[in-house]
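# Notes for the structure review
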Amino acid sequence: MAVVDLALFKAHVRADDFAGDDTLLQHYLDAAEAAVIRDTNRTEAELTEINGGTFPVQIKQAIMLLGAHWYNQRESVASVEMREVPDTLQALIKPFRKLAEDKAQ
């Protein structure tokens, strides 16, 4: 794992000037990475291979967006109405998603 550097993620969530949340940030980053890669129906190695030997920057961005969302919204309910930016994660992930293989054959 660790396709997104913690320092980059900390800059993304504007937490790069303190270390107090490093363990929590790494946890969100790891969980987001696993969720986003799973959503592509591919492995990290497959994503790297189909992108010419480097991990896709679009998938890194999706990981950071999801991790930041979890960091900023730590509970499953909120006191204010939150709105999702339409299809942001899916727009980043969809071009890399492998369609499920037919297992009936």
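See the structure printed just above.
Here's what I pulled together on the structure shown here. Keep in mind that what you see is a predicted model, and the values were worked out from it rather than measured.

## Let's talk about helix 4 (residues 57–72)
If you check helix 4, its first and last C-alpha atoms are 22 Å apart, about what 16 residues at 1.5 Å a residue would give, namely 22 Å. Of the residues making up helix 4, those classed as buried are I59, A62, I63, M64, L66, G67, A68 and Y71. Buried residues along helix 4 sit against helix 1 (6–12), helix 2 (22–39) and helix 5 (88–93).

## Digging into the nonpolar core
Counting residues in each nonpolar core, the largest one holds 24 residues, and the members touching the most others are V4, F9, V13, V36, F55, I59 and I63. Listed by contribution, the elements that provide at least two residues to this core are helix 2, helix 4 and helix 5. Sequence-distant contacts of V4, that is, excluding residues within four places in its chain, are made with F9, L29, E33, K60, I63 and M64.

## Some words on helix 2
With 18 residues, helix 2 ought to run about 26 Å at 1.5 Å a step, and its terminal C-alpha atoms sit 25 Å apart, in line with that. Of the residues making up helix 2, those classed as buried are L25, Y28, L29, A32, E33, A35, V36 and I37. Along its buried surface, helix 2 packs onto helix 1, helix 3 (44–50), helix 4 and helix 5. The first or second residue beyond helix 2 is N41, which carries a positive phi of 60°.

Reading guide: rules and limits
- Residues numbered from 1 in each chain as written.
- Predicted model: local features only at pLDDT ≥ 70, side-chain atom pairs only at ≥ 80, totals over all residues.
- Heavy atoms only, no water.
- Helix = DSSP H or I, 4+ residues; strand = E, 2+ residues; numbered from the N terminus.
- Expected span 1.5 Å × (residues − 1).
- Buried < 20%, exposed > 50% of the residue type's maximum accessible area, 1.4 Å probe, protein only.
- Contact = heavy atoms within 4.5 Å.
- Core = buried A, V, L, I, M, F, W, Y, C linked by side-chain atoms within 4.5 Å.

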